[in-house]
Structure formats: C-alpha cells, structure tokens
Amino acid sequence: MTTQAPYLCPKTRILSRRRLKMDYPLYLMLAMPVLLLFVYNYVAMGGIVIAFQKYLPAKGITGSKWIGLKNFETLFTMPGFIRALSNTLTLSLWKIILGIVVPVGFTLMLNEIKSSGVKRVVQTLIYLPHFISWVLLASIFTKLLSGSGIVNQFIKLLGGTPIMFLGDNHWFPFTIIATYVWKEFGYGTIVYLAAISGVNEELYEAASIDGAGHFQQMLHVTLPTILPVIILMTALSVGNILNAGFDQVYNMYNNVVLESGDIIDTLVYRTGFDSGNFGLSTATGLFKSVVSCVLVIASYRIAYKTSGYHIF
Amino acid sequence: MVNRNNPARRIFIVCNYFFSSLIGLLCVVPILHVLAISFSSMDAVFSNRVLFWPVDFNLDNYNIVVRDSQFFQSYFVTIIRALLGWAFSLTMTVLAAYPMSLRKTTFPARPFFVAYFMGTMLFNGGMIPTYLVVKGTGLLDTIWALILPCALSTYNVILMMNFMKGLPEALSESAFLDGAGHWTTLWKIILPLCLPSLATISLFIVLAHWNAWFDGMIYIKNMALKPLQTYLRSIVIVDASVGDSAMYLEDLIANATADGSNGAKIFLALLPIMCIYPFLQKHFAKGIVRGSVKE
C-alpha cells in the first residue's frame, strides 16, 4: 500500500498524521522560501514600530524611547510632506494615464502595419529602453537635456531659447513623465498586441462586407476586443498611485527641483539616510505602505469584479 | 479589402509607416548618441559635433576606462552577484512555485501559503526597517546583502506557478500512482517541461541583478564590493549635476573628457544587455502575457 499517492485520499485534515506524512516534502520545499520571506519581509514589517519611537541606532528598538504619534504629527505638519504627496500624485497619475493611452494608441498604429518585417523591427526598437536601468538612462538624459546638450542645440537651431529640463521646476515634472513614457510605452504594447492577435479575422471580414472602413473596423472591432485588457490594466494601476518611481526620480532630480520633483519615496530616503531620522522616515514610509495597501486591495477587487482577474 | 486603393487610405498607410518607424528610432537615438560620443575624439565632443555617428573615430575613451580599476572591480562584482543571485533565486522560486501549483485536494495547506505570499505583495516594512533587518542579519558589506533580501520575487513565483498549473495534470498523477514522491515528480516530470518558463524567469532575475543599484548604495560601503550600477551612479550622475556650472575652459574640457569616458562606461554596462536582448525580447513578451492575461 503506497502512502505517497496524494490523489488517493483527498479528504483528510491538514494536520492529521497521514496527511503530514504525505505532505512533508512540500513543507520541506517551502521551508527556505518561507524563511526568506519571514526574515526580509515579515520581520521588516515588524520594524515599523520604529515609526512610534525616537529611534537611536545605538540603542536599538528595545532601548529607544516610545513617543506615540509624535513622528506622524511632525510628518503631517511638515511642509515638505504635503509637497511630496502632491508631487507624487501628479507624477503617478500622469504616468498611469499616459502609461495606458500611449501604448494603446501605438498598438493600434502597429496593428495597421501589414509588413511583418517592419513591424518586428519597430517592436525590437521600442522594447529596448525597458531593459536599461534608470541609472544609465538618467545619465544619458542629463547629458542630452543639459544646457549644451543635443536637445537644446536643436531648440537653438529652431530659434528657441534653451530649456533647463532638469533644473527648472516648471519643466521637471514634464521631463520625468516624458522620459518615463519613452522608456515604458513600448513594453506596454506587449499585452495589447497579444490581445489583438486573438481577434477573430472573420469579424474584420464581416465588418468589411457591411461596409465598414478601416477606421471603423479599428473603432468597432479592434478596440472592443482589447477593452477588457485596458480595463484590467487600469484597475491594476490603481495600486500604484503612491509610486511615482523612486529609481527614476532619485537619479534625475537635484536640489534645484525639490519643489516640483520631491516625491514620498525620495523624502523617505533623505529623512532616513541623509538626515538620520529613522523614526520620521519610517513613519513616512508607513503612511505610504498603509495607503498603498488599501489601494492595492481595492485594485485587485476591481480587477476581479471587472475582469475575473485573480492573482493566485 | 474594399477600399485598398482609396487615396486617403494610402496616405494613412504611408504616414503610419513613417511615424511608427520614427517613434521606433526615437527609442534608440539617445543611446546611439552616447555610444557615438564614446567613440569620438575629445575635440569633436567639445565642439558639439557628435550626433549619432562617431566623429574622428578612435578608442581614446576606452583607453581611459581600461585604466579605471574600480570599474572592472565593480563589473566583476555585478557578474558574481548575477550568477550567485540567479542560482539562488531560481532554486527558491521553483521550490515555492511547485507546492503552490498543486490543487487544494493534493496540498490542503495551500491557502495558508497563498495568504503568506500575498501578504508580501500587499504590505512592506519600507526602507529603514528593511535596512535594519539586513544589518541585523549581519549582511552589511557582504555580497549576500545583494542576493538574499531580493531573492524571492512573488511575481516570479506566480509566473512559475501558473506555468506549472498549465501542465497536464495526468502527468504528475501517473507519476504519483507509480510511487514517485513530490521531489521525484518535481525533478523528473515537472522541471523538464518547465524549461521555457525557467528561461523567462532566469532572464528576469539576471536582468534585475544587472540593473540593481539601490541595494549596493545602502548596504555596501566597501568599494571592493560596489556593484557596477552603483559605482556608475556615483561617478556619472554626481558629475553631471555640476556639469552645467562649469565656467572655465579647463572645466569644459574636463567635462568633455568625462563625457567621453562616461559614454564608454555606459556602453560597456549596456553591452551584456544588448547581447541577451534577442532572448529577452522573445521570452519577456511570452512571460508578461502569460503572467498578466490568464484563462
């Protein structure tokens, strides 16, 4: 009698001896991953108690003084926080909107290209930036967009005055959003192209026989088929409202554009590592985590309700 | 098609080809510019004559880089972290994904672990607590600080799990009936069928390690262990922020020289990504679609 055929006895209690004997290899497999997540995620979550302390690294968590909600009082009355919050919302909302509109628009353009060679070349070109780190891209863009950079030379050539893209509060958010869209729109088209490839060709034929032009076919056949994916992507992006992109902003901002470029994540970093105020920094991070958690759960629920999407 | 010869349609097609190609080119032009600078003479860079093709082609900038021992040290650190991190992360991902891919009837404790993994996607401790844990586990200034904290991405686990779920159940079922345990089934039946998704996830992992810079900045103080992107950030971006304030000729010349050698460093840092790009493109497209659009 083999006890190792789990399919043979589905209805035993999880912790019964028979069940454990069958399942222990699975627990063994999960042991290391679970331990890793426990230490670097769950223990770290426990570390948020620092947000309620006047934390001193020398004294540690057990030795530091508890100060209740003081850190949050400081945080919410700090002018830098309101500024960071509003910058975060501005940047992330534009990123979310354009991060959907631009890929969808470009997918429709690509879909009208009938030569598969041209299409493939264009796809190869537009996916590339996604794979390059913001460190490298930020250094490339600081060069390109500087006062003597190639973009400003072009502007001068056209008779305009040079623009300080990364050193002017008026232009900085625009630069951040534009370079983000540049990096990610190509990669964003992948999901929509996949959805389009599933469109039944007969629908186009039927539409064409009914006298629909190309534009109408796009409007009434292509767009409705990718609409569910658009809705799903929109729903999932709700969870990212407080993520304005630390990697990008931290590598591209400087002291001159803090007014328009400081976001919650960069504020957390500077408070913690530059000013050494671990308590306040953790409180800021905790504010973000809590709000994000609610938003992520909401986004999963919307995604589930609208598209039947479930993660696990 | 009814109106293939419609002039308006023709104009649209031509414009569409033109703009699509233009946008495609715009995606690589900034990178080309930097590469062109790296292969141009200092003189040409200084007088802004370099566009997208090297002017006075030479390898001077690469000669400067060759003498930068820290650059190669960091390059080496990144290769090591990518290899070690790949082996470790891939093992962890497979070990987590297999039990999660089983049905609840086969593995009744599955919902508990699903909740456990979900928890890490919903909430995180933030920058400082994570830093303190890394410090507390004694990883600061070791290569493990770059490998262990980021070893397990729940996203990769889900991707792998979904792929395993998609395999015909009859395969593992018959293995069980033949007396194979879970380890044997995973090793002999499931893994050989998972090669495509193993490739995808390997690329995800290696790419993430190649591009990571933040962990190297906060967890590593020892210059001998600084990963490439962190080192590049410290020279290229810090230099650039003062670049525009240069007033004297010497400063401008120094800037032009730095532009050239920085361009060379950026190119060398991009090289491995360019080399695996054909594979990346193929597998990422598959991976992202499979991960996000489910049946």
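## So, the pattern of salt bridges
Residue and element names in this part refer to chain A.
No. 1: Counted according to the given criterion, the structure contains eleven salt bridges over all chains.
No. 2: A salt bridge links Arg270 to Asp262, with the nearest nitrogen and oxygen atoms 2.7 Å apart.
No. 3: The exposure class assigned to Arg270 is buried, which follows from its relative accessible area of 17%.
No. 4: Residue Asp262 is classed as buried on the basis of its relative accessible area, which comes to 0%.
No. 5: Salt-bridge contacts for Asp265 lead to Lys288; the nearest nitrogen and oxygen are separated by 3.0 Å. Placement of the pair is Asp265 in helix H13 (residues 264–274) and Lys288 in helix H14 (residues 278–307), with a sequence separation of 23 residues. Of the two residues, Asp265 and Lys288, both sit in the buried class.
No. 6: Where salt bridges share partners, they join Arg83, Glu259, Asp262 and Arg270 into one cluster.

## Comments concerning the confidence of the model for chain B
All names here are of chain B.
No. 1: Summarising the model, chain B shows a mean pLDDT of 86, and 88% of its residues fall at 70 or more.
No. 2: Model confidence for chain B, summarised as mean pLDDT per element, is weakest for helix H13 (residues 228–243) at 74 and strongest for helix H5 (residues 69–101) at 95.
No. 3: Here residues 240–246 is modelled with pLDDT under 50, and outside its nearest four sequence neighbours on either side it reaches nine contacts, counting other chains as well.
No. 4: Predicted complex metrics record ipTM = 0.88 and pTM = 0.89.

## Quick word on the interface of chain B and chain A
No. 1: Counting from both sides, the interface comprises 109 residues of chain B and, opposite them, 100 residues of chain A.
No. 2: Applying the counting criterion to the chain B and chain A interface returns two salt bridges.
No. 3: With a closest N to O distance of 3.0 Å, Arg9 of chain B and Glu112 of chain A form a salt bridge.
No. 4: A per-element tally of the side of chain B that touches chain A places helix H14 (residues 249–292) of chain B first, with 14 residues.
No. 5: When its residues are assigned to classes, the side of chain B that touches chain A shows 76 nonpolar, 24 polar and nine charged.

## Let's talk about the side chain of His33 of chain B
No. 1: Note that His33 of chain B resides in helix H2 (residues 29–38).
No. 2: For His33 of chain B, a relative accessible area of 6% translates into the label buried.
No. 3: In contact with His33 of chain B, not counting residues within four places along its chain, are Leu144 and Ile150 of chain A together with Val50, Leu51 and Phe52 of chain B.

## Considerations on the side chain of His182 of chain B
No. 1: Looking at the secondary structure, you find His182 of chain B in helix H10 (residues 182–193).
No. 2: Only 3.0 Å separates the side chain of His182 of chain B from the side chain of Tyr98 of chain B, close enough to count as a polar contact.

## Notes on the nonpolar core
No. 1: Counting 154 residues, the largest nonpolar core has Tyr98, Phe117, Met164 and Leu232 of chain B as its most contacted members.
No. 2: Residues from two domains meet in this core; each of domain 1 (1–58) and domain 2 (65–291) of chain B gives at least three.
No. 3: Discounting residues that sit within four places of it in the chain, Leu232 of chain B has contacts with Val135 and Leu136 of chain A together with Phe71, Ile237, Lys265 and Ala269 of chain B.
No. 4: Counting twelve residues, the second-largest nonpolar core is a separate cluster that includes Val191, Tyr192, Ile196 and Ile226 of chain A.

Thresholds, definitions, all that
- Residues numbered from 1 in each chain as written.
- Chains lettered and ligands numbered in written order.
- Predicted model: local features only at pLDDT ≥ 70, side-chain atom pairs only at ≥ 80, totals over all residues.
- Heavy atoms only, no water.
- Salt bridge = Lys/Arg side-chain N within 4 Å of Asp/Glu carboxyl O.
- Buried < 20%, exposed > 50% of the residue type's maximum accessible area, 1.4 Å probe, protein only.
- Helix = DSSP H or I, 4+ residues; strand = E, 2+ residues; numbered from the N terminus.
- pLDDT = per-residue confidence, 0-100.
- Contact = heavy atoms within 4.5 Å.
- Nonpolar A, V, L, I, M, F, W, Y, C, P; charged D, E, K, R; others polar.
- Polar contact = N/O pair within 3.5 Å; in protein donor to acceptor, adjacent residues only side chain to side chain.
- Core = buried A, V, L, I, M, F, W, Y, C linked by side-chain atoms within 4.5 Å.
- Domains from an automatic or database assignment.

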